[in-house]
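Listed here are the chains, written in short residue letters.
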Amino acid sequence: MTDYTDILTETHGRVGLVRLNRPKAMNALRGHLLAELLDALRAFDADDSIGAMVITGSERAFSAGADIKEMADATPVDLMNRGLSDGWHRISTIRKPIIAAVSGFALGGGCELALLCDLIVASETAQFGQPEITIGVIPGAGGTQRLTRILGKALAMEMVLNNRFLKADEALQHGLVNRVVTVESYLDEALKLAGEIAARAPVAVRLGKEAVNSAYELSLTEGLAAEQRAFYLLFSTEDQKEGMQAFVEKRAPAWKGK
Ligand code: CAA
């Protein structure tokens, strides 16, 4: 699929950029947009010339969440048949790092999409919230779990039960985002960060992402064992030999991605 209607894709060197592109609907995440997003991310994931990805929206809205108009009349079976949750889960199976470049509203599923990314660069106007309670539901794409793990129970409860928004500086203070920069520079900053990561040893980047994310899934003992296996595995790569040799020879390494 390349003739996308709900997203735009670009490449910037070794970085694949996806722009959510439903400006009139505040980038609401209808099923079609999610399918296109997943398709684009998978294509970048399979492309050896890409090392990292950035997802962004507009200055006004990263995304205002799942498309309320599309969901309003749905039955539980409709949602199951549409595979709503599966789409979200599949984004977490992308192997290369994804950075969310967030400005303006990141609400409901929009906040959850940012949480599915590996790093978040926010503009000063970014606002994170889970307003589902105001329309009679709760977050359905991971918000109750991921926010609680990152922010702790107290703040997550306020967000989920009482529509508490986190402004950019609070999000930074609580470790939800990596950095906050001006509206003029947030996308460039995200592309720069993605470019730096994309220039690093690709297999180590992939295993590093997997290892950090497994900290949310596994016990400490299991997580340490997974980390150890990944660490040992990297000694089978040419890039490990090259990286350590380059250090000894005081030169920059030339990565091969194998
Ligand atoms: N779904 C569908 N359409 C949406 C939308 C959404 N989530 N958010 C905004 N829009 C549409 C509006 O309906 C409006 O369309 P029309 O011009 O056709 O009326 C357009 O985008 C502009 O929105 P507003 O006029 O409301 O703009 P505003 O600046 O006054 O307010 C806002 C902005 C605060 C983001 C407000 O639009 C809003 O509260 N949106 C809904 C946020 C929300 O509740 N998100 C949770 C969705 S449920 C979910 O995400 C479940 C899950 O966990 C997966």
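For the structure, check the block above.
Notes on the structure follow. Remember, it's a predicted structure, so these values are computed and weren't measured experimentally.

Observations regarding unusual backbone geometry
Here is step 1: Residue Met26 is not a glycine yet carries a positive backbone phi of 55°.
Here is step 2: For Asn27, which is not glycine, the phi torsion reads 55° and is therefore positive.

Some thoughts on the side chain of Asp239
Here is step 1: Structurally, Asp239 can be placed in helix H12 (residues 238-248).
Here is step 2: Despite its burial, Asp239 pairs with no opposite charge; the closest candidate is Lys256, at 6.9 Å N-O.
Here is step 3: Reaching out from Asp239, the side chain makes a polar contact with the backbone nitrogen of Lys256 at a distance of 2.7 Å.
Here is step 4: Ignoring anything within four residues of it in the chain, the contact list for Asp239 reads Ala201, Pro202, Ala254, Trp255, Lys256, Gly257 and Lys258.

So, the site of the ligand
Here is step 1: Taken together, 23 residues sit near the ligand, with Arg60, Gly109, Glu112, Glu132 and Gly140 positioned nearest.
Here is step 2: Contact between the ligand and Arg60: an oxygen atom at 2.7 Å from a side-chain N or O atom of the residue.
Here is step 3: Take Ile68: an N or O atom from its main chain is 2.9 Å from a nitrogen atom of the ligand.
Here is step 4: Within the residue set of the shell around the ligand, elements represented by two or more residues are helix H2 (68-71), strand S6 (105-107) and helix H5 (109-116).
Here is step 5: When residues in the shell around the ligand are grouped by element, the largest group, three residues, is from H2.
Here is step 6: Residues that form the shell around the ligand fall into these classes: 13 nonpolar, four polar and six charged.

Comments concerning helix H9 (residues 186-198)
Structural remark: α-helix, 3.6 residues per turn; residues separated by three or four positions point the same way.
Here is step 1: With 13 residues, H9 ought to run about 18 Å at 1.5 Å a step, and its terminal C-alpha atoms sit 18 Å apart, in line with that.
Here is step 2: For H9, the complete set of buried residues consists of Tyr186, Leu187, Ala190, Leu191, Leu193, Ala194, Ile197 and Ala198. For H9, the angular spread of buried residues about the axis comes to 160°, placing them on one side.

Considerations on the sheet that holds strand S7 (residues 119-123)
Here is step 1: Strand order in the open sheet made by the six strands is S1-S2-S3-S5-S7-S10, with mixed pairing throughout. Of all strands in the sheet, those with a lone pairing partner are strand S1 (7-12) and strand S10 (179-181), marking the two edges. When the angles between neighbouring strand axes are averaged without regard to direction, this sheet yields 20°.
Here is step 2: Here three bridges tie S7 to S10, and the two strands are oriented parallel to one another. Bridging from a neighbouring strand, Ser123 pairs with Val181 of S10.

Things to note about the pairing of strand S5 (residues 98-102)
Here is step 1: In terms of residue burial, S5 counts as a mostly covered element, since five of its five residues are buried.
Here is step 2: Side chains of S5 alternate between two faces, with Ile98, Ala100 and Val102 and Ile99 and Ala101 buried alike.
Here is step 3: The pairing of strand S3 (residues 52-56) with S5 spans four bridges and is parallel. Each residue of the ladder has a partner; that of Met53, found in S5, is Ile98.
Here is step 4: Two elements, S5 and S7, share four bridges in a ladder whose sense is parallel. From the neighbouring strand, Ile99 faces S7, where its bridge partner is Leu119.

Each value, and the rule that gives it
- Residue numbers here run from 1 along each chain, matching the order of that chain's written sequence.
- Selection of residues for local features in this predicted model requires a pLDDT of at least 70, selection of side-chain atom pairs for listing and counting requires 80 or more, and totals for whole chains, interfaces and linings are taken over all residues.
- By convention in this description, side-chain values take in all heavy atoms of the structure and omit both hydrogens and water.
- Helical segments are the DSSP runs of H or I of at least four residues, strand segments are the runs of E of at least two, and each set is numbered from the N terminus.
- Buried means the residue's accessible area, taken with a 1.4 Å probe over protein chains only, is under 20% of the maximum for its type, while exposed means over 50%, and partly exposed covers the values in between.
- When charges are counted, Lys and Arg contribute as positive and Asp and Glu as negative, whereas His and the chain ends are disregarded.
- We define a salt bridge as a contact between a side-chain nitrogen of Lys or Arg and a carboxyl oxygen of Asp or Glu at a distance within 4 Å.
- What qualifies as a polar contact is a pair of N or O atoms within 3.5 Å, subject to a donor-acceptor requirement within protein and to the restriction that residues adjacent in sequence count only when both atoms come from side chains.
- The contact definition used throughout considers only heavy atoms, calling two residues in contact when any of these lie within 4.5 Å.
- We call a residue near a molecule or strand when any one of its heavy atoms sits within 4 Å of it.
- Ten residues, namely Ala, Val, Leu, Ile, Met, Phe, Trp, Tyr, Cys and Pro, are considered nonpolar, four, namely Asp, Glu, Lys and Arg, are considered charged, and the remaining ones, Gly among them, are considered polar.
- One fewer than the residue count of a helix, multiplied by 1.5 Å, yields its expected span.
- Throughout, the arc means the angular range of directions from the helix axis out to the C-beta atoms.
- By this definition, two strands are paired if DSSP reports at least two bridges between them.
- Note on method: axes are straight lines fitted to C-alpha atoms, helices fitted across the in-contact stretch only, with angles between N-to-C directions ranging 0 to 180 degrees.

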